Amino acid sequence: MKKKNYKIRQVETDGKLYYFYEMEWNLYGRRERFYAPTEEELWEKLQQTEDEKLKYILKSASENPVLNDYINVYFKGQLSVGNSIEMKSDLLFIRTITSGSEIDRNITELSADDIQNYYNKLTEKYSTEEISRLHEILTEIFQSFNHIGIQTADLSKIRIPDIKAVPDKSNKPERNLLSENEMKTLMIQCRSSRNSNNAFVIIFALYTGIYMNDIFEIRNHDVRLDDGAVIVQDRTVPVCTECIEWLKERIADKAVESDVLYKNPEQKENIIRNYLQSNPDEYLFTNARGNKTTFYPVSNFLKNIAEKCGISRSITPLVLHCSYLADAIKNGADIEKLKAVYGHDDKFYSSLIKT
């Protein structure tokens, strides 16, 4: 159940606060209101109702359903909440990619390896952003059916393939890179954004050049404030002083939200270090509900924020990565050191220099 699609409100009745949600249509196709004294109890009621609806709709599906039958059942239930235009867009998107494909068979027969292998093949036609979007939708579908007793594969360990290789084509178009001014404008726009969770990831990517999917995996114990670095997949990535100071401010804000006493600026360093030590396995970047940030919301936010900055061409997380490295080379960075930290081969770095 995608909680982001539910607009929960608080109402006061007889001097008491209740959590409230109005569902467009329930199991019987009628509008229904839900109340509960706590948000957690309200989620339980909504989950139970959605499960019943899913089971009811599934009864009318094909006797031998394939993946797209399950997809249709899931979206038929989901169209009762959230943005129906967005839902229909997601439905069309996932149908286009999966219909008639090698994974379009019974959902109970699909393994995580089947899905991973299919994602790897999709890199020939689709971007990292599109595969991430597909994965997010499929994960939600699999979890929903698993919740009502249909055994499905655990997709949590699947890694989204990064399309890192540079095709060796003579007619390859010029690489899409951000200029120094565009990167500064993006940074300023992100810092002033109300959608701070997604903006934080982009700010960190602009500061460090780390791949977006790798940023999502960084935990508090990977942060090395004294060394000015973060650990990414057993590699030490240096972080500039400005970024370290920005990280400290952000961690201090999280510490205050976590009921850590913060009386004056002199206590800030201790507060930051205590927070990191007390929550070593917490993800450094989380969404509004405190869970690990995922690719598609951040990628979509980047697209919107780039438009606000007046950047008309397509800007993806991969563009941020390449732009950072191109800017580093322009400012005299040693390519061998960049290769040791970020990977890639000589052709890749040559393409950045020629651009």
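Before any of the text, the structure's been laid out above.
Residues numbered from 1 in each chain as written. Predicted model: local features only at pLDDT ≥ 70, side-chain atom pairs only at ≥ 80, totals over all residues. Heavy atoms only, no water.

Another aspect to go through is the nonpolar core. Of all hydrophobic cores here, the largest spans 61 residues; its most connected members are L186, F204, L320 and L352. Leave out the neighbours within four places in its chain, and L186 touches L178, L206, L302, I305, A306, C309, I311 and L320. Core analysis: the second largest hydrophobic core is formed by 31 residues, L134, L138, I141 and I160 among them. (Core = buried A, V, L, I, M, F, W, Y, C linked by side-chain atoms within 4.5 Å. Buried < 20%, exposed > 50% of the residue type's maximum accessible area, 1.4 Å probe, protein only. Contact = heavy atoms within 4.5 Å.)

Turning our eyes to something else, we now look at the packing of helix α6 (residues 180-191) against helix α11 (residues 295-308). α11 packs onto α6 with a crossing angle of 110° between their chain directions and a minimal axis gap of 10 Å. By the angle class used here, α6 and α11 are roughly perpendicular. Considering the relative orientation of α6 and α11, their crossing is right-handed. Of α11, the residues touching α6 (which contributes L186, Q189 and C190) are F301, L302, I305, A306 and K308. Considering only residue class, the contact of α6 with α11 consists of six nonpolar, one polar and one charged. (Axes fitted to C-alpha atoms, helices over the stretch in contact; angles between N-to-C directions. Helix = DSSP H or I, 4+ residues; strand = E, 2+ residues; numbered from the N terminus. Parallel < 35°, antiparallel > 145°, perpendicular 65-115°, else oblique. Left-handed = near helix turned anticlockwise from the far one by under 90°. Nonpolar A, V, L, I, M, F, W, Y, C, P; charged D, E, K, R; others polar.)

This part is about the environment of L178. As for its placement among the helices and strands, L178 is situated in the loop between α5 (128-147) and α6. In the structure, L178 is positioned 137 residues away from I315 in sequence and 8.4 Å away in space, judged by C-alpha atoms. Aside from chain neighbours lying at most four places away, what touches L178 is M183, L186, I311, R313, I315, V319, L320 and S323.

Time to look at the packing of aromatic side chains. Across all of its chains, the model carries seven aromatic pairs by this definition. Arranged with centres 5.2 Å apart and planes meeting at 50°, the rings of F204 and F285 form a pair that is tilted. Placement of F204 in helix α7 (residues 196-208) and of F285 in the loop between α10 (268-278) and α11 is noted, with a sequence separation of 81 residues between them. Taken together, a centroid distance of 5.9 Å and an interplanar angle of 55° make the contact between Y324 and Y342 tilted. With Y324 in helix α12 (residues 317-330) and Y342 in helix α13 (residues 335-342), this pair connects stretches of sequence that are 18 residues apart. Given a relative accessible area of 12%, Y342 falls into the buried group. Taken together, the ring pairs in this structure connect F200, Y207 and W246 into an aromatic cluster. (Phe/Tyr/Trp six-rings, centres within 6.5 Å; stacked < 30°, edge-to-face > 60°.)

The subject of this paragraph is the sheet that holds strand β6 (residues 235-238). Read across the open sheet, the three strands follow the order β4-β5-β6; overall the sheet is antiparallel. Each edge of the open sheet is held by one strand with a lone partner, namely β4 (223-224) and β6. (Pairing = 2+ DSSP bridges.)

Summarising the element assignment, D281 is placed in the loop between α10 and α11. Counting along the chain gives 63 residues from D281 to I218, while the straight-line C-alpha distance between them is 9.1 Å. The contact partners of D281, leaving out residues within four places of it in the chain, are R219 and H221.

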